[in-house]
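Analysis of the macromolecular model
Listed below, chain by chain, are the residues.
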Amino acid sequence: MSGPTQPEPLKLSGITKSFGGVTALHAVDFALAAGEIHGLVGENGAGKSTLMKIIAGVHADYQGEMRLDGHPVHFASPRDARSKGIGMVHQELSVVPDLSVAENVHLGAQPVQRLGLIDWRTMRRSAAAHLANLGIDVDPNARMGDLSLGLQQLVEVARVLFSGARIIILDEPTSALAPPEIERLFGLLRRLRDAGKSIIFISHFLDDVLTVCDRVTVFRNGQAVATETCARIDKRWIIDRMIGTGHQELEESYLADIPLHSRPGAKVVLQVDGLSRTGAYSDVSMSMRSGEVLGIYGFLGSGQLELARTLFGVMRAHRGSIVLDGRVARFSSTSRARRAGMAFLPESRRKMLFGTEPVFKNVTISILNRINRLWLRPAVERRIAEGHAKNLHIRPPGVAHTLGTLSGGNQQKVALAKWLTHLPRVLILNEPTRGMDVGAKDDVVKIVRGLREQGIAILVVSTEPETVLSLADRILVMKKGRVVREFTDEPVSKDRLLDVA
Amino acid sequence: MSDSRIRMGVLGWLRGRLRNIAPFVTLIVLVAFFWAASDSFATLGNLENILTQISVTGIIAVGLTFVILCAEIDLSVASIANATGIVVAFFTAQDASVTIANLPLAGWAAIIIALAACFALGAVNAFGLTVIGIPSFIMTLAMLQIGAGVSALLVRGQIAYSVPPLILTLGSRSLGPVPWIVIVAAVFLLAGHIILTYTRFGRYVYMTGGNREAAEYSGVNVRAILSAVMVISAVCSGVAGMLGVAYFGSAQQNEFDTYLLDSISAVVVGGTSLFGGQGGIGNTVIGLFVLGVLNNGLDHINIDSFLKILIRGLILLLALIINVYAQRMRTVTAA
């Protein structure tokens, strides 16, 4: 792309990074040209984020060489990277909602008068000029929090540029945006490219990548496996690289058809109609049947997490209805949802367990009202917990141990045990196998299958296709807050899930 | 090798219990010190003094223990105590020399109105915290001022003296050698302990304080628990206020001001975690005795009475340091 006389703005060679014996990046080469938008794609854990963190100065200990405009550099900190012109726009925006747009643009570098007072006039004027220059139509005096998410993002990009960035990294910038907002963002990115800036665009949304990027690099298993000009390729090409042609096993896991068997005759336990929550999901309709596992797959930010939380009363829907066992359910609190027969396992153990309390109190917290009326009965609680510890092979088996002393996998089992004493009508599992090793995953699959046999309606929500495929009898795919596809009684593969989402 | 492991084990055990051990050791050291320094300290009569002196604080501290276990705070306790004490006097016939335009009612009616008043103030705290979403620190700060306002409007700078007979008895009379107010405080502390340790509600309080998000995801109605503790705190304060008025022999503006710091100190010095979920009434009892012995003991030795104020501040600071440190130890041990 650039001749030998003009070195690339950013060039990485042989980057290797490992975390305590696990190699996250293996001899990665990556070059970013001046005036290009470069897409970065790959599955969760393929190494994209690790590479970006190295470029942004978050990880300072790595092997390999990074060159900026041909000069070797090694960033010691994010601050160091920023001062050399690397700007990062995270998925979770780092804007200050209560400050004005102008203040956000100047964040950390406000113009000052003598005496160290902030020069408001200069600030407003320069922010207005800067935004106008970038073609961003927004009032510099507006409160940041009052803007739409899309506009906030544009202002964040403006801020990063204002602080002197020449290389801008955008992490999943389109996941929370509506189509017109995406168009506006792309417009800005193209103008920046034409002005000679270099942009790294990380995304799960392959359509977006192909629309806006000039080139794309595909990551798989910690390696940069391919780089190609976008005009020459299609979505198929990218997916093939992501899943790795030639690696037969991997390929099989991607392309292998997994048959789905729904249970159309079974009784509908939970019926959702036209459920909407502004900014999270819209017009979701689905039914869950007794003894059936329904999977919902979607990328991070597709609204499936919020939907699951709504079904457990953690948040509320703005429109639509939930019908449980033929009766309209309004879950104004998680306590109501629990008593109605709903159960929920959040994505992280920390959200579910009490680290400083003994195991048995963790197990019985959700069923205390069924053990006793007023006075606690610790002996009964212990007996119940001991039963679960035995069935689920929790180690150590003593239920008086402080929960925090157990290993992660055993804590996960305790979390599950909370809902197993009195079986719920509906069990919602959010990312049930995240971060687990193969053995623990198998355990979870067995437990879920066992619960299904007992007639529970189970909902598995995940951003990992493997998780949904290994558990579900029927699969819904969500994209940007909507259900875009349902797979029923047909073979489905990881490949097809990715294709739809 | 094994010896050092045993020592590690013992140290670890001690570290994990720092929040229970430190207040207890402090109490023993204080008692030993004052015992040695003063002849008049270690007498049966003085024990009765100490018990009487910590009783009003003790009743307030029961409710506050519930609140702090939930990792919230109630800064309005003293103000609600004051307002409730004034309300009960306002509805009691006063001596002719008192020129407050009050409404004399039967004793039981005055008591019920006063209890309803503190319940209502607690309910407002609960509403602000759980429905509106105002942090308890600020919500109860506003209530502190509202309580002071209610007090001011009712007495208008005057002093009332009479309270219903029941309150007079419980606040200022004795059952044999034991003052009734000490018995009431003991009953409240015991009831608080039983509720926190042996009931479902008590378990929910600890779990909500220990990990609010996990409690929510376990199907505990966290908002209901938080509402309940704010109301419990206000009602305990109200009872303390009524008995306090009888104990002091008068109802007037600002007479409970020192009880805010005292009651928070008692709970925190006792070792109940400011981060919620750990501690309990047992800790609060120790904390009450530490403060009671300290306040009382300083009167028995020759010490600048103005220095006492500073000493109390320093003791509270020390307790806060231990509290935060104990939390960190506990986290390290559990991890």
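In this text the structure is predicted, and so the values were computed from the model without any measurement. (Residues numbered from 1 in each chain as written. Chains lettered and ligands numbered in written order. Predicted model: local features only at pLDDT ≥ 70, side-chain atom pairs only at ≥ 80, totals over all residues. Heavy atoms only, no water.)

It is worth spelling out the overall build of chain A at this point. If you tally the helices and strands in chain A, you get 18 helices and 20 strands. For a compact globule of 501 residues, the expected C-alpha radius of gyration is about 23 Å, and chain A comes in at 25 Å, within 12% of that figure. Over its C-alpha atoms, taken along the principal directions, chain A stretches across nearly 75 × 60 × 45 Å. Considering only intrachain contacts with a sequence separation of at least 6, the fraction spanning at least 24 residues in chain A is 66%. Charge-centre separation for chain A: the mean point of 64 positive side chains lies 8 Å from the mean point of 53 negative side chains. (Helix = DSSP H or I, 4+ residues; strand = E, 2+ residues; numbered from the N terminus. Rg over C-alpha atoms; globule rule 2.2 N^0.38 Å. Contact = heavy atoms within 4.5 Å. Lys, Arg positive; Asp, Glu negative; His and termini not counted. Charge placed at Lys NZ, Arg CZ, Asp CG, Glu CD.)

Residue-level contacts link 37 residues of chain A with 25 residues of chain B. If you sort the residues of chain A by the area they bury against chain B, A:Lys351, A:Phe354 and A:Leu376 come out on top, with a joint share of 22%. Between chain A and chain B we count two salt bridges in total. Two residues, B:Glu213 and A:Lys351, come together in a salt bridge whose shortest N-O distance is 4.0 Å. One can count 13 residue pairs in polar contact (both at pLDDT 80 or more) joining chain A with chain B. Residue assignment for the side of chain A that touches chain B shows that the elements contributing at least two residues are α11 (334-340), α12 (359-364) and α13 (368-371) of chain A. Considering only residue class, the side of chain A that touches chain B consists of 14 nonpolar, 12 polar and 11 charged. (Buried area = accessible area lost by both parts, 1.4 Å probe. Salt bridge = Lys/Arg side-chain N within 4 Å of Asp/Glu carboxyl O. Polar contact = N/O pair within 3.5 Å; in protein donor to acceptor, adjacent residues only side chain to side chain. Nonpolar A, V, L, I, M, F, W, Y, C, P; charged D, E, K, R; others polar.)

Our focus in this paragraph is the confidence of the model for chain A. Residues and elements named next belong to chain A. Averaged over every residue, the pLDDT of chain A is 84; the share at 70 or more is 95%. By mean pLDDT, the top-scoring element of chain A is strand β8 (residues 198-202) (93), and the lowest-scoring one is helix α9 (residues 248-255) (51). A low-confidence stretch, residues 247-251 stays under pLDDT 50, and its non-local contacts, those more than four residues away or across chains, total nine contacts. (pLDDT = per-residue confidence, 0-100.)

Residues and elements named next belong to chain A. In spatial order, the strands read β6-β7-β8-β3-β9-β10; together these six strands make up an open sheet with mixed pairing. The sheet terminates laterally at β6 (86-89) and β10 (223-229), the two strands that pair on one side only. Each strand of the sheet is rotated relative to its neighbour by a mean of 20 degrees, with strand direction disregarded. With four bridges joining them, β6 and strand β7 (residues 167-171) adopt parallel strand pairing. Bridge pairing links Val89 to Leu170 in β7. In this fold helix α6 (residues 179-194) packs onto β3 (37-42), β7 and β8, with an angle of close to 145 degrees to the strand it touches most, β8. (Pairing = 2+ DSSP bridges. Axes fitted to C-alpha atoms, helices over the stretch in contact; angles between N-to-C directions.)

All names here are of chain A. What the rule picks out here adds up to 27 salt bridges over all chains. Across the pair Lys84 and Asp80 runs a salt bridge whose closest N-O atoms are separated by 3.1 Å. A relative accessible area of 37% places Lys84 in the partly exposed class. Glu347 is paired through a salt bridge with Arg309; the nearest N and O atoms lie 3.4 Å apart. Residue Glu347 is found in the loop between β16 (342-345) and α12, and its partner Arg309 is found in helix α10 (residues 304-311); the two are separated by 38 residues along the sequence. Each member of the pair, Glu347 together with Arg309, is buried. (Buried < 20%, exposed > 50% of the residue type's maximum accessible area, 1.4 Å probe, protein only.)

Relative to the helices and strands, A:Gln411 is located in helix α15 (residues 408-417). Once residues within four sequence positions are removed from consideration, A:Gln411 is found in contact with A:Arg349, A:Leu353, A:Leu403, A:Gly404 and A:Leu406.

With that settled, consider the packing of helix α12 (residues 257-269) of chain B against helix α13 (residues 281-300) of chain B. Residues and elements named next belong to chain B. Following both chains from N to C, one finds α12 and α13 inclined at 120 degrees, their axes separated by 6 Å at the closest point. The orientation of α12 with respect to α13, classified from their angle, is oblique. Here the hand of the crossing between α12 and α13 comes out right-handed. The residues of α13 that touch α12, namely those facing Asp262, Ser265, Ala266, Val267 and Val269, are Asn283, Thr284, Gly287, Leu288, Val290, Leu291 and Asn295. (Parallel < 35°, antiparallel > 145°, perpendicular 65-115°, else oblique. Left-handed = near helix turned anticlockwise from the far one by under 90°.)

With that out of the way, let us pick up the pairing of strand β17 (residues 426-430) of chain A. All names here are of chain A. In terms of residue burial, β17 counts as a mostly covered element, since five of its five residues are buried. Taking every second residue as pointing to the same face, both faces of β17 are buried, with Val426, Ile428 and Asn430 on one and Leu427 and Leu429 on the other. In this sheet, β17 lies alongside β16 in parallel orientation, the contact comprising four bridges. Looking across to β17, one finds that Leu345 is bridged to Leu429.

Residues and elements named next belong to chain B. The end-to-end C-alpha distance of helix α8 (residues 180-198) is 26 Å, a good match for the 27 Å that 19 residues give at a rise of 1.5 Å each. Looking at α8, one finds that the buried residues are Ile181, Val182, Val184, Ala185, Leu189, Gly192 and Leu196. One face of α8 carries all of its buried residues, which in axial projection span an arc of 165 degrees. Against the buried residues of α8 lie α3 (44-69), α7 (165-172), β2 (178-179), α9 (200-210), α11 (222-248) and α13. (Expected span 1.5 Å × (residues − 1). Arc of directions from axis to C-beta.)

Time to look at the domain arrangement of chain A. All names here are of chain A. Each domain of chain A was delimited in the assignment, giving domain 1 (10-95 + 165-254) and domain 2 (268-352 + 418-500). Computed over C-alpha atoms only, the centres of domain 1 and domain 2 are separated by 31 Å. Tallying the contact residues gives 17 residues for domain 1 and 13 residues for domain 2. Taken together, the connections running from domain 1 to domain 2 amount to two salt bridges. The partner of Asp208 in a salt bridge is Lys480, with the nearest N and O atoms 3.5 Å apart. At the junction of domain 1 and domain 2, the tally comes to one residue pair in polar contact (both at pLDDT 80 or more). Counting only elements with at least two residues in the side of domain 1 that touches domain 2, the list comes to α7 (206-212), α8 (235-243) and α9. Top element by residues in the side of domain 1 that touches domain 2 is α8. It accounts for four residues. (Domains from an automatic or database assignment.)

What follows covers the sheet that holds strand β5 (residues 71-73) of chain A. One key point about sheets: their strands pair by backbone hydrogen bonds, in either a parallel or an antiparallel sense. Residue and element names in this part refer to chain A. As summarised here, the arrangement of the four strands in space is β2-β1-β4-β5, forming an open sheet in which the pairing is antiparallel. Every other strand in the sheet has two partners, leaving β2 (22-32) and β5 as the edge strands with one partner each. Strand-to-strand, the axes of this sheet are offset by a mean angle of 30 degrees, without reference to chain direction. Bridge count for strand β1 (residues 10-19) against β2 is seven bridges, and the pairing is antiparallel. Along β2, the bridge assignment pairs Lys11 with Ala31. Relative to β1, helix α1 (residues 48-55) is tilted by about 115 degrees, and along the sheet it contacts β1, β2 and β4 (63-68).

Turning our eyes to something else, we now look at α13(B). Between its first and last C-alpha atoms α13(B) spans 28 Å; for 20 residues at 1.5 Å apiece the expected length is 28 Å, and the two agree. Most of α13(B) is tucked away: 15 of the 20 residues are buried.

Residues and elements named next belong to chain A. Turning to its location among the elements, Thr467 is positioned in helix α17 (residues 465-471). Residue classification places Thr467 among the buried positions, given a relative accessible area of 3%. When sequence neighbours within four positions are dropped, the list of residues in contact with Thr467 reads Pro432, Thr433, Val460 and Ser462.

With that out of the way, let us pick up the environment of B:Trp108. When you line up the elements, B:Trp108 lands in helix α5 (residues 107-132). For the pair B:Trp108 and B:Gly209, spaced 101 residues apart in sequence, the C-alpha separation works out to 37 Å.

This brings us to the packing of aromatic side chains. Across all of its chains, the model carries 12 aromatic pairs over all chains by this definition. Pairing B:Phe33 with B:Phe34 gives two aromatic rings, centres 5.2 Å apart and planes at 70 degrees, and the pair type is edge-to-face. Ring centres 5.5 Å apart and planes at 40 degrees place the aromatic pair B:Phe34 and B:Phe41 in the tilted group. The same class applies to B:Phe34 as to B:Phe41, namely buried. Pairwise contacts between aromatic rings join A:Phe312, A:Phe344, A:Trp419 and B:Tyr217 into one cluster. For the cation-ring pair, A:Lys480 lies above A:Phe205, with the distance from its terminal atom to the ring centre recorded as 4.5 Å. The positively charged end of A:Arg485 is found above the aromatic ring belonging to A:Phe487, 4.2 Å away from the centroid. (Phe/Tyr/Trp six-rings, centres within 6.5 Å; stacked < 30°, edge-to-face > 60°. Lys NZ or Arg CZ within 6 Å of the ring centre and 35° of its normal.)

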